[in-house]
Amino acid sequence: MSDYRHLYIGGEWVTPRGASTITLVSPSTEEVIGSVPEASEADVDRAVDAARAAFDDPTGWSRWSPADRAAVLERFAAGLETRAEAISKAVSSQNGMPLQISQAFETVFPPLLLRYYGKLVSERGAEERRDAMFGGTTVVRREPIGVVGAIVPWNFPQALAFLKIAPALASGCTMVLKPAPETVLDSYVMAEAAAEAGLPPGVMNIVPAGREVGAHLVAHPGVDKIAFTGSTAAGRAIAETCGRLLRPVTLELGGKSAAIVLPDCDLAGSLESFFGATLLNNGQTCFVGTRILAPRSRYDEIVETITAFASSLNVGDALDPTTQIGPMVSARQRDRVESYIDKGKAEGARITTGGGRPAGRERGFFVSPTVFADVDNRYTIAQEEIFGPVLSVIPYTDEDDAVRIANDSEYGLGGSVWSADPEHATDVARRVRTGSIGINSYVNDPVSPFGGVKASGLGREMGPEGLAGYETLKSIYQAP
Ligand code: NAD
């Protein structure tokens with residue numbers, strides 16, 4: 001049991017102003033595994049005040065040299081590394097992510113991103129002098145945008161938080177982070193590492209809470225920018241508030257990506273990568289390609305390969321290092337996934353494996369890896385994000401048809417193309433309307449921008465481009 005009684009605000013462990021708590025339940029065992037205070041609106045006010053004071057301090061974090069900030073971020077990264085085991089266990093025990101995935105992503109991305117952005121801002125310089133067309137010169141300056149309100153979901157709570165924390169802090173911003181109520185224990189380990197690294201008081205503040213308190217943070221007058229990852233529905237609500245306030249916002253939202261299998265592909269030889277691109281984290285991953293587009297010429301064989309693969313996956317307790325598919329994060333999410341399975345059946349798709357709860361698992365929010373064949377792209381299961389281990393195999397006639405089906409979606413976040421000819425696959429990838437796409441795999445790379453088009457979001461994280469959301473530009477004209 002992990003019980004916490006305080007909130008990390010203003011560089012201190014403070015007593016919460018509200019009386020509510022968040023109780024954490026293991027999705028693998030349904031046992032209570034911990035509790036933390038739920039931040040109230042008054043706690044958010046205090047956190048924003050602390051972040052505001054830290055940002056406005058004339059000798060504070062935002063005025064430090066990038067190299068000095070990078071040195072603190074390096075210590076933060078090292079502190080996270082020494083806590084890697086605690087972090088991966090906390091994540092997997094809360095959201096059902098198989099331990100091997102939390103060890104590969106949740107404890108690897110955060111230190112890597114802190115070091116990447118620390119180095120980038122140190123090497124780049126904040127100012128550039130340009131010869132002006134009307135004589136004289138202009139100093140073009142990048143300045144930190146201010147106090148960032150960051151709101152993240154439960155599916156990759158550490159990696160998604162650090163996609164915001166690393167560029168924001170490297171740029172000189174300060175932050176109030178609101179983790180999702182399903183994953184808060186890991187945020188305490190993060191706070192311990194932040195405190196130990198010597199982040200000045202108020203640079204980072206953490207307010208675990210639900211959506212109402214999140215909405216309070218979004219609209220707070222002391223906040224200069226919102227960075228959000230979560231569902232498209234919540235993203236729209238947040239964008240409306242930010243639109244009214246003219247508050248800059250980045251939105252990383254839902255997806256329903258396509259995995260296009262070309263006729264020359266050796267899918268059976270690529271199943272490990274295929275897993276990462278389609279079923280990662282029990283299908284609770286925004287970028288996974290859950291619409292598998294298969295050529296009619298090889299349709300039956302591809303359905304068979306995917307069916308055999310999905311039914312071979314080891315479903316079990318998220319903390320078991322051999323588990324490949326863990327439980328859904330909550331009973332609610334399990335019910336949601338099951339309701340989509342019912343819809344798929346009702347619409348006429350054919351289940352080739354899975355379709356229910358695994359035998360012998362009386363406890364835990366498990367859903368067996370499920371494959372639907374004979375799916376029409378217009379079906380609900382092909383149009384809406386399920387966020388579970390459910391794949392739909394959709395037949396196509398030729399490449400134009402495959403591209404048309406891939407693009408026939410409200411979303412545009414990830415995707416993949418599978419082929420023996422990577423150059424040709426890259427040509428196909430160029431035609432897909434999406435923010436990112438992989439050839440014979442899908443791996444987010446920290447040096448490359450990541451984000452969505454259409455209902456998948458606005459703005460980009462990662463890469464040098466990921467800094468832009470945390471900076472504002474100032475031109476200082478100098479007369480000749
Ligand atoms: P969610 O939108 O319900 O919640 C996400 C976070 O936003 C939580 O912290 C929640 O408390 C908060 N929140 C919800 N409504 C809010 C509001 N109106 N104002 C302020 N805060 C609010 O999403 P979820 O179900 O927790 O996460 C799954 C979703 O996240 C999926 O749709 C998935 O595709 C998406 N996601 C996107 C990316 C990406 O990078 N594009 C990455 C991971 C997950």
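Residues numbered from 1 in each chain as written. Predicted model: local features only at pLDDT ≥ 70, side-chain atom pairs only at ≥ 80, totals over all residues. Heavy atoms only, no water.

**Q** With reference to specific residues and values, describe the overall build of the protein chain.
**A** Looking only at helices and strands, the protein chain features 15 helices and 23 strands. Each principal axis of the C-alpha distribution contributes one length, and for the protein chain these read about 70 × 60 × 40 Å. Considering the protein chain as a whole, with its 480 residues, one finds that 60% of them fall into the buried category. Partitioning the intrachain contacts of the protein chain with sequence separation of at least 6 by distance along the chain shows that 73% fall at a separation of at least 24. Here the protein chain displays about 18700 Å² of accessible surface, and carbon together with sulfur accounts for 51% of that area. Considering the protein chain, the positive charge centre built from 44 side chains and the negative charge centre built from 59 side chains are found 4 Å apart. (Helix = DSSP H or I, 4+ residues; strand = E, 2+ residues; numbered from the N terminus. Buried < 20%, exposed > 50% of the residue type's maximum accessible area, 1.4 Å probe, protein only. Contact = heavy atoms within 4.5 Å. Areas by Shrake-Rupley, 256 points an atom, 1.4 Å probe, with all protein chains shown as cover. Lys, Arg positive; Asp, Glu negative; His and termini not counted. Charge placed at Lys NZ, Arg CZ, Asp CG, Glu CD.)

**Q** Go over the site of the ligand, please, and point to the residues and values.
**A** As a structural note, the neighbourhood of the ligand is formed by 27 residues, with Val 152, Lys 178, Ser 231, Leu 253 and Glu 385 the closest of them. At 3.3 Å from an oxygen atom of the ligand is found a main-chain nitrogen or oxygen belonging to Gly 230. Contact between the ligand and Glu 385: an oxygen atom at 2.6 Å from a side-chain N or O atom of the residue. Protein contacts shield 90% of the accessible area of the ligand, which totals 840 Å² for the unbound molecule. Of all the secondary-structure elements, those providing two or more residues to the shell around the ligand are helix H8 (211-219), strand S11 (225-229) and helix H9 (232-245). Across the shell around the ligand, the residue classes break down as 16 nonpolar, seven polar and four charged. The residues that make up the shell around the ligand include at least three from each of domain 1 (2-253 + 455-478) and domain 2 (258-445). (Near = heavy atom within 4 Å. Polar contact = N/O pair within 3.5 Å; in protein donor to acceptor, adjacent residues only side chain to side chain. Nonpolar A, V, L, I, M, F, W, Y, C, P; charged D, E, K, R; others polar. Domains from an automatic or database assignment.)

**Q** Quick one: what's the story with the sheet that holds strand S1 (residues 2-3), residue by residue and with numbers?
**A** Strand order across the open sheet formed by three strands is S1-S5-S4, with mixed pairing between neighbours. Because the sheet does not close on itself, it has two edges, and the strands there are S1 and strand S4 (21-25). Two strands pair when backbone bridges link them, and S1 and strand S5 (residues 32-37) are joined in this way by two bridges, in the parallel orientation. Bridge pairing in S5 links Ser 2 to Gly 34. Its contacts with the sheet place helix H7 (residues 185-197) against S1, S4 and S5, and it is angled at close to 55° to S5. (Pairing = 2+ DSSP bridges. Axes fitted to C-alpha atoms, helices over the stretch in contact; angles between N-to-C directions.)

**Q** Please provide a residue-by-residue account of the pairing of S11, values included.
**A** Most of S11 is tucked away, with five of its five residues classed as buried. Burial of S11 is two-sided: the residues Lys 225, Ala 227 and Thr 229 facing one way and the residues Ile 226 and Phe 228 facing the other way are all buried. Alignment of S11 against strand S12 (residues 249-252), held across four bridges, turns out to be parallel. Residue pairing across strands places Thr 229 opposite Glu 252, the latter belonging to S12. Following the chain from S11 across H9 to the adjacent parallel S12, one finds a crossover that is right-handed. (Right-handed = clockwise from strand over helix to strand, strands pointing away.)

**Q** Please provide a residue-by-residue account of the domain arrangement of the protein chain, values included.
**A** Taken as a whole, the protein chain is organised into domain 1 (2-253 + 455-478) and domain 2 (258-445). A straight line from the C-alpha centre of domain 1 to that of domain 2 covers 31 Å. Each side of the interface is counted separately: domain 1 has 30 residues, and domain 2 has 33 residues. Summed over both partners, the interface of domain 1 with domain 2 comes to about 2500 Å²; 58% of that surface belongs to carbon and sulfur atoms. (Buried area = accessible area lost by both parts, 1.4 Å probe.)

**Q** Describe the environment of Asp 3, naming the residues involved and giving the relevant values.
**A** The residue Asp 3 is located in strand S1 in this model. The sequence separation of Asp 3 and Gly 289 amounts to 286 residues, and the corresponding C-alpha distance is 37 Å. Sequence-distant contacts of Asp 3, defined by excluding residues within four places in its chain, comprise Gly 34 and Ser 35. Polar side-chain contacts of Asp 3 include one of 3.1 Å to the side chain of Ser 35.

**Q** Summarise the packing of aromatic side chains; cite the residues concerned and give the values.
**A** Using the criterion set out here, one finds 13 aromatic pairs in the structure. Considering the side-chain rings of Phe 287 and Tyr 442, the 4.4 Å spacing of their centres and the 25° angle between planes classify their relative orientation as stacked. Of this pair, Phe 287 sits in the loop between helix H10 (271-278) and strand S14 (291-295) while Tyr 442 sits in the loop between strand S20 (438-439) and strand S21 (453-454); the two residues are 155 residues apart in sequence, bridging distant segments of the chain. For the pair Phe 287 and Tyr 442, a shared accessibility class is recorded, and that class is buried. Taken together, a centroid distance of 6.5 Å and an interplanar angle of 85° make the contact between Phe 287 and Phe 450 edge-to-face. Here Phe 450 lies in the loop between S20 and S21 and Phe 287 lies in the loop between H10 and S14, a separation of 163 residues in the sequence. In this structure, Phe 287 and Phe 450 share a single accessibility class: buried. Among the aromatic residues, ring-to-ring pairing joins Tyr 4, Tyr 8, Trp 13 and Tyr 188 into one connected group. (Phe/Tyr/Trp six-rings, centres within 6.5 Å; stacked < 30°, edge-to-face > 60°.)

**Q** Could you give me a rundown of the packing of helix H1 (residues 41-56) against H8, with the residues and numbers involved?
**A** Between H1 and H8, the least distance of the axes is 9 Å, while the angle of their chain directions is 35°. Both H1 and H8 take part in a crossing whose hand is right-handed. Facing Glu 41, Val 44, Asp 45 and Val 48 of H1, the residues of H8 in contact are Glu 212, Val 213, His 216 and Leu 217. Counted by class, the contact of H1 with H8 contains four nonpolar, one polar and three charged residues. (Left-handed = near helix turned anticlockwise from the far one by under 90°.)

**Q** Now, about a positive patch on the surface: what can you tell me, with residues and values included?
**A** Taken together, the side chains of Arg 211, Arg 332, Arg 336 and Lys 343 define a basic patch exposed on the protein surface. Considering every element that reaches the positive patch, the biggest residue donor is helix H12 (residues 331-347), with three residues. Its place among the elements puts Arg 211 in helix H8. (Patch = residues over 30% accessible without salt bridge, like charges linked within 9 Å, V, L, I, M, F, W, Y side chains within 5 Å. Salt bridge = Lys/Arg side-chain N within 4 Å of Asp/Glu carboxyl O.)

**Q** Provide a residue-level description of the pairing of strand S7 (residues 137-144), including the pertinent values.
**A** Where burial is concerned, most of S7 is hidden: six out of the eight residues are buried. Alignment of strand S6 (residues 127-131) against S7, held across five bridges, turns out to be antiparallel. Following the sheet pairing, Glu 127 is matched in S7 by Arg 141. The hairpin turn running from S6 into S7, its antiparallel successor, is five residues long, and Gly 135 in that turn takes a positive phi close to 95°. Taken together, the eight bridges between S7 and strand S23 (residues 471-478) define a ladder with antiparallel strand orientation. Opposite Pro 144, over in S23, you have Glu 471 as the bridge partner.

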